[in-house]
Amino acid sequence: MFVLSISELSEVGMDFTLDMYFRQFWQDPRLSFERRPGLDKLVVGAEYIKLIWVPDTFFVNEKTAYFHDATTDNQFVRIFHTGDILRSIRLTITASCPMDLQYFPMDSQLCYIEIESFGYTMSDIRYKWNDGLNSVQVSGDVSLPQFKVLGHRQKTIEASLSTGNYSRLACEIQFVRSMGYYLIQIYIPSSLIVVISWVSFWLNRGATPARVGLGVTTVLTMTTLISSTNSALPKISYVKSIDVYLAACFFMVFASLLEYASVGYMAKRIQMRKNRFLAIQKMAEQKKNEALHASNANINDATNLDLGPGLPKQTVHDPSRHCKGGSRENTITKYNNAHPVGRFPRRFDEEAPPPPPAPCPPAPKMVQPISVVTPKDINKMFGITASDIDKYSRVIFPITFVCFQLMYWIIYQHLSDILVEDLVFLQKE
């Protein structure tokens, strides 16, 4: 079997298409003839195929196949004088190839072609590779846009089915996916989108339209990138390596949007607390002023005494000012034609005895002013300010993303670097 070209390897259809020369050797003693000079074999066309016995070979995992007939049927039969027969056909086959996309796009796939007799069991026909390891050859010009052919290996299998045991040959070809397309179209753009989302950390937190617009745009761009990537892949239930990367990038840009939401929420709560504190402080100032006015009014009332109707007012000096050392100084306005009750009138020239000393009245209480202590962390919540979140995010987000990048590439490159044993590597021409 000589592989001319491999035209397609589809992840969606889980198949691959190859063009090859398929050659079969068998022996039929009935077709042996006497060798003559210059005549040791007969070469006949495709029209003689129906006149001789041929194996009922088919491809087990074939989806579609067709013969080439331009300009004539691309097949021939050689009959040697010993009875050995060679049949060569050019075929294009699309065969199924179950793929494991767990490490996509750093994966390697092993696709195979299985050859078997459709009706003859092992008691009738046994298949084997005619030329050992050289029985399968792959052209050095074989190339695919997203894959490179690493090599192939051959197997001989005994298949046990309900109708008997059948001899089967298998040719496995290993493909290694090229990363260039996915680096340019997916990995680098998604990384740049994450970096763009960090620009909002350097914008003023009051620039709400700019920061919200930037965050929403990056989130929607990542969503579109994820959708377009998965649309070209089969709908599988397990997680691929590219899903891990895109999910991490989506989480980073979404976290950037949530970071601004937390900044706005904290700034709002801090402003509400400051407004509440200022309102309390204003109320305290008002109560302080009212207390001071009430205290001054009490002092003025204490210095103007009313002795009753028909009696003149007495002006009493403030005890706190004139009461010193147990004596006080009172100035009383004298009036004529008035006599104290229970006493005889004094003579006009008789001096009145000084009044006895009286204890100092208690000084009116001064109302203590109400003071409001400004809290030290009025501009902080949970020990940080709203601006601190942006400052920390400028460092935490890049460091987290760089650490993820290192872990991602090291782990998946190590896990996906698996070679098949007994592989015959492709020789480039």
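Now for a description of the structure that goes with this document. Positions within a chain are numbered from 1, following the residues in the order the chain's sequence is written. Confidence filtering applies because this is a predicted model: local features only for residues at pLDDT of at least 70, side-chain atom pairs given and counted only at 80 or more, and all residues used for totals across whole chains, interfaces and linings. Note that the side-chain values use all heavy atoms of the structure and ignore hydrogens as well as water.

### Here we look at the side chain of Arg87
Phase 1: Going along the chain from the N terminus, every DSSP run of H or I of four or more residues is numbered as a helix, and every run of E of two or more is numbered as a strand. Of note, Arg87 is situated in strand β7 (residues 84-96).
Phase 2: Those residues within four positions of Arg87 in sequence are excluded, and the remaining contacts are Phe22, Arg23, Gln24, Trp26, Ile49, Val54, Gln75, Phe76 and Val77. The contact rule is simple, with two residues in contact once any of their heavy atoms fall within 4.5 Å.

### Regarding the packing of aromatic side chains
Phase 1: Each Phe, Tyr or Trp ring, with Trp reduced to its six-membered ring, pairs with another whose centre is within 6.5 Å; inter-plane angles below 30 degrees give stacked pairs, above 60 give edge-to-face pairs, and intermediate values give tilted ones. For the structure on display, the rule yields 23 aromatic pairs.
Phase 2: Both rings, one in Tyr181 and one in Tyr182, keep their centres 5.1 Å apart while their planes meet at 90 degrees; by these two values the pair is edge-to-face.
Phase 3: Tyr182 gets classed as buried once you look at its relative accessible area, which sits at 6%.
Phase 4: Measuring from ring centre to ring centre gives 6.2 Å for Tyr187 and Tyr408, while their planes differ by 50 degrees; the resulting arrangement is tilted. Of this pair, Tyr187 sits in helix α1 (residues 180-197) while Tyr408 sits in helix α5 (residues 386-416), placing them 221 residues apart in sequence.
Phase 5: One aromatic cluster is present, formed by Tyr103, Tyr187, Trp198, Tyr245, Phe401, Phe404, Tyr408, Trp409 and Tyr412 through successive ring pairs. When accessible area is computed with a 1.4 Å probe and restricted to protein chains, residues below 20% of their type maximum are described as buried, those above 50% as exposed, and intermediate ones as partly exposed.

### Some remarks on the state of the cysteines
Phase 1: Cysteine sulfur atoms that come within 2.5 Å of each other are treated as a disulfide pair. Applying the stated criterion to the full structure yields 1 disulfide.
Phase 2: In this model Cys97 forms its disulfide with Cys111; the gap between the sulfur atoms is 1.9 Å. Disulfide Cys97 to Cys111: torsion about the S-S bond roughly -80 degrees, handedness left-handed. Taken together, the residues span a long stretch of sequence, with Cys97 in the loop between β7 and β8 (108-117) and Cys111 in strand β8 at a distance of 14 residues.

### Topic: the environment of Asn61
Phase 1: Tracing the chain through its elements places Asn61 in the loop between β4 (57-59) and β5 (62-67).
Phase 2: The exposure class assigned to Asn61 is buried, which follows from its relative accessible area of 7%.
Phase 3: Residues Asn61 and Ile113, 52 residues apart in the sequence, show an inter-C-alpha distance of 6.7 Å.
Phase 4: Once you skip the residues sitting within four places of it in the chain, Asn61 turns out to touch Thr94, Ala95, Ser96, Tyr112, Ile113 and Glu114.

### Concerning empty space enclosed by the protein
Phase 1: Throughout, the protein atoms alone are placed on a 1 Å grid, and a set of points is a cavity if a 1.4 Å probe fits but cannot get out or a pocket if it is open with protein on both sides within 12 Å along at least five of seven lines; lining residues have an atom within 4 Å of a point. Grid points are joined across faces, edges and corners, and a volume is the space filled by probe spheres set on the points. Following the criterion strictly, the structure yields 1 cavity of 30 Å³ or more and no others.
Phase 2: Taken as a whole, the largest cavity spans an internal volume of roughly 40 Å³.
Phase 3: In terms of lining residues, the largest cavity is bounded by Ser197, Ser200, Arg211, Leu214, Gly215, Thr218, Val253, Ser256, Leu257 and Tyr260.
Phase 4: Contributing elements (two or more residues each) for the lining of the largest cavity: α2 (208-231) and α3 (241-303).
Phase 5: For the lining of the largest cavity, the per-class residue count stands at 4 nonpolar, 5 polar and 1 charged. Each residue gets one label: Ala, Val, Leu, Ile, Met, Phe, Trp, Tyr, Cys and Pro are nonpolar, Asp, Glu, Lys and Arg are charged, and the others, such as Gly, are polar.

### Comments concerning the pattern of salt bridges
Phase 1: Any carboxyl oxygen of Asp or Glu that lies within 4 Å of a side-chain nitrogen of Lys or Arg is treated as forming a salt bridge with it. Scanning the entire structure with this criterion turns up 12 salt bridges.
Phase 2: As a salt-bridge pair, Arg153 and Glu172 come within 2.4 Å of each other at their nearest N and O atoms. Taken together, the residues Arg153 in strand β10 (residues 147-161) and Glu172 in strand β11 (residues 164-177) connect sequence positions 19 residues apart. Both residues of the pair, Arg153 and Glu172, count as buried.

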